[in-house]
Amino acid sequence: MTKSFLIILCVLLAVSFSACSNSVATPYENEEFAMGTIIRQRIYHDNAEDISRQVIDRIRKIEDRMTINKAGGEINKLNSSAGKSFVELSEDTLFVLNKAKEISELSQGAFDITVGALVKEWDISSGNSVVPSQERIHSLLGLVDYADIIIDKSGSRAKLENTGQIVDLGGIAKGFAGDEAIKVYRENGVQSAFISLGGNIVALGGKPDGNSWKIGIRDPRGAEDSYIGIVSVKDKAIVSSGDYERFFERDGVRYHHILDPKTGYPADSGLIGTTIISDFSIDADALSTAAFVLGLEKGMDLIKKFDGVEAVFITDDKKVYITEGLKGIFEFEGTGNGYEYVEKG
Amino acid sequence: MGMNMLKKGDAILIGVFAVVIVISLISMSIFKNSGENAHKIAVIKMNDRVIKKIDLDTVTEPMEIEVSGAYNEVILVEKGRIRFKEADCPDKLCVKFGWLSEKGDMAACIPNNALIKIEGSDKKVDAVTN
């Protein structure tokens, strides 16, 4: 009896040790260039590589439709027909235009995709640090008005009312693409993944071990990948806007890429960064721009209008404010970098 | 019935199981340790394709790697770190990134479709917004 017991024990031990495999799943990670930035994916799934390809293909298709930085596509058609005729558009583009108008209305014009003519004038991405003249800016302001985007729902067409008007989807296209990526993940049965589109983060589920994703909120004055706080999320989009993304400096003044549609100049609202946490990245993308333009008080008011949308505001005197709903999921980490976390009473 | 004397065959069988257990334990501990102490592997990608992988921990002499795409760039590799050293792209953001020295660090020249990164990540966060 003792001998058999010994044998059984040995067999059990041998089997259990040899069967003990690495219980932490290894994700598939990939970086690719699209939409003028780096698209980074982390996917937990057996078929991850193929799924990531599907996502990149979808993103490139969206880019081709919506870009104004390359020839072709629908927005270029829309812009070149401004003041002339309606243009047939795909569901993707119509969806984005409608969403953009909705955010324009709710933010009272702080977000406005018809800033295209002004964006072109400032030309910040080119490395050309020229400040346009006041007269030039003033004349171009006349071309900025989201109400001039006429959408003919029944005919799936749209038109820009006036010649010279330009729609620029730079502040919302990545947001749309992020949500479409999540759709591809879901269609493929992925339960745990995230994608970063140039820093617009969209997370599907949480991590395979059930924990939340930990997403750092970029320090507007720190190096790439430095952060002033961490949010723990599942199934959320996190998008930041700030004066540190694209800018030039001239005579000690920073001219950044987020134009105030009302003034024609880079928004000067006392903020250096905004971050929106929301269920959909298209909302987060547009709202992070709108909130940045509006400033702390009006930005907070705007965010409060949305159920389930939370935000982080960073002021130019390095104070960090968050909306109520983030308490408990936001960990402040900015003391070392000179930031102060302010609890709003 | 009392303790039977172990026959020779039984002893061999038990011996085999013991060896299997020992081997499993050893390989498990090797596997666990390799994750933590694994070397820093730098990856250079051009046009979304890996063109070079370098184990930074085994680098003895600094070396320069030239990459050419839309623009020409020089990547500098030293023990434990890597960076874009020179680039003729318009804004030279890739060069301004500076040194990559931790797992997960990444720098890119978007106009040139060039990217360098150190594989893995032992960072506190999964990603940082931008």
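Computed from a prediction, not measured in an experiment: that's the story for all the values here.

Asks: Before we move on, could you go through a nonpolar patch on the surface and cite the residues and values that matter?
Replies: Residue and element names in this part refer to chain B. A surface patch of nonpolar side chains, amounting to about 240 Å² of accessible area, comprises Ile12, Val16 and Val20. Within the secondary structure, Ile12 sits in helix H1 (residues 8-37). Take Ile12: its relative accessible area is 52%, and that puts it in the exposed class.

Asks: A description of the packing of helix H2 (residues 48-66) of chain A against helix H4 (residues 91-106) of chain A should follow, citing residues and the corresponding values.
Replies: Residues and elements named next belong to chain A. Contact geometry of H2 with H4 gives a least axis separation of 10 Å together with a crossing angle of 70°. Relative to H4, H2 is oriented roughly perpendicular. As H2 packs across H4, the resulting crossing turns out to be right-handed. Side by side, H2 and H4 meet where Arg58, Ile62, Arg65 and Met66 of the first sit next to Asp92, Thr93 and Val96 of the second. Partitioning the contact of H2 with H4 into residue classes produces three nonpolar, one polar and three charged.

Asks: I'd like to hear about the pattern of salt bridges, residue by residue, with values.
Replies: Residue and element names in this part refer to chain A. In total, this model carries 32 salt bridges over all chains according to the counting rule given. The salt bridge involving Arg60 is made with Glu32; its shortest N-O contact spans 3.3 Å. In this pair, Arg60 is assigned in helix H2 and Glu32 in strand S1 (residues 28-34), connecting sequence segments 28 residues apart. Residue classification places Arg60 among the partly exposed residues on the basis of a relative accessible area of 28%. In this structure, Asp279 and Lys236 form a salt bridge, with 2.6 Å as the shortest nitrogen-oxygen distance. Here Lys236 lies in the loop between strand S9 (227-233) and strand S10 (237-242) and Asp279 lies in the loop between strand S13 (271-278) and helix H8 (281-304), a separation of 43 residues in the sequence. Accessibility expressed as a relative area gives 43% for Asp279, which makes it partly exposed. A single network of salt bridges, built from pairs that share partners, joins Arg58, Arg65, Glu74, Asp92, Glu180 and Lys183.

Asks: So, the domain arrangement of chain A: which residues are in play, and what are the values?
Replies: As a measure of interface size, the accessible area lost when the parts come together is often cited. Residue and element names in this part refer to chain A. For chain A, the assigned domains are domain 1 (3-63 + 172-341) and domain 2 (67-160). Using only C-alpha atoms to locate each centre, domain 1 and domain 2 end up separated by 26 Å. Contact with domain 1, which involves 30 residues of that partner, is made by 30 residues of domain 2. Approximately 2,600 Å² of surface area, both sides summed, lies buried where domain 1 meets domain 2, with 71% of it carried by carbon and sulfur atoms. Linking domain 1 with domain 2 are three salt bridges, by the criterion used here. Of the charged contacts, one joins Glu63 and Lys70 as a salt bridge, the two residues approaching to 3.4 Å between their closest N and O atoms. Linking domain 1 with domain 2 are eight residue pairs in polar contact (both at pLDDT 80 or more).

Asks: Account for the side chain of Asp179 of chain A, naming residues and giving values.
Replies: All names here are of chain A. With respect to the helices and strands, Asp179 occurs in helix H7 (residues 173-187). Buried and without a salt bridge, Asp179 has Lys183 as its closest oppositely charged side chain, separated by 7.7 Å. The residues touching Asp179, leaving out its near neighbours within four places in the chain, are Phe280, Ser281 and Ile282.

Asks: Tell me about the sheet that holds strand S8 (residues 127-128) of chain B, and name the residues and values.
Replies: Across the sheet, four strands lie side by side as S16(A)-S9(A)-S8(A)-S8(B); this open sheet has mixed pairing. Among the strands making up the open sheet, the edge pair consists of strand S16 (330-332) of chain A together with S8 of chain B. Note that strand S8 (residues 213-218) of chain A and S8 of chain B share two bridges and pair parallel. Bridging from a neighbouring strand, Gly216 of chain A pairs with Val128 of chain B of S8 of chain B.

Asks: So, the confidence of the model for chain A: which residues are in play, and what are the values?
Replies: Scored by pLDDT, chain A comes out at a mean of 93, with 93% of its residues at no less than 70. Predicted confidence for residues 19-23 of chain A stays below pLDDT 50, and this span has two contacts to residues more than four positions away or in other chains.

Asks: Can you lay out H8 of chain A for me, pointing to particular residues and giving the numbers?
Replies: All names here are of chain A. With 24 residues, H8 should reach 34 Å at 1.5 Å per residue; the first-to-last C-alpha distance of 17 Å falls well below that figure. Of all the bends in H8, the greatest, near 140°, is centred on Gly295. Of all 24 residues in H8, 19 are buried; the element is thus mostly enclosed.

Calculation criteria
Residues numbered from 1 in each chain as written. Chains lettered and ligands numbered in written order. Predicted model: local features only at pLDDT ≥ 70, side-chain atom pairs only at ≥ 80, totals over all residues. Heavy atoms only, no water. Patch = residues over 30% accessible without salt bridge, like charges linked within 9 Å, V, L, I, M, F, W, Y side chains within 5 Å. Areas by Shrake-Rupley, 256 points an atom, 1.4 Å probe, with all protein chains shown as cover. Salt bridge = Lys/Arg side-chain N within 4 Å of Asp/Glu carboxyl O. Helix = DSSP H or I, 4+ residues; strand = E, 2+ residues; numbered from the N terminus. Buried < 20%, exposed > 50% of the residue type's maximum accessible area, 1.4 Å probe, protein only. Axes fitted to C-alpha atoms, helices over the stretch in contact; angles between N-to-C directions. Parallel < 35°, antiparallel > 145°, perpendicular 65-115°, else oblique. Left-handed = near helix turned anticlockwise from the far one by under 90°. Contact = heavy atoms within 4.5 Å. Nonpolar A, V, L, I, M, F, W, Y, C, P; charged D, E, K, R; others polar. Domains from an automatic or database assignment. Buried area = accessible area lost by both parts, 1.4 Å probe. Polar contact = N/O pair within 3.5 Å; in protein donor to acceptor, adjacent residues only side chain to side chain. Lys, Arg positive; Asp, Glu negative; His and termini not counted. Pairing = 2+ DSSP bridges. pLDDT = per-residue confidence, 0-100. Expected span 1.5 Å × (residues − 1). Bend = angle between axes of the 7 residues up to and from the residue.

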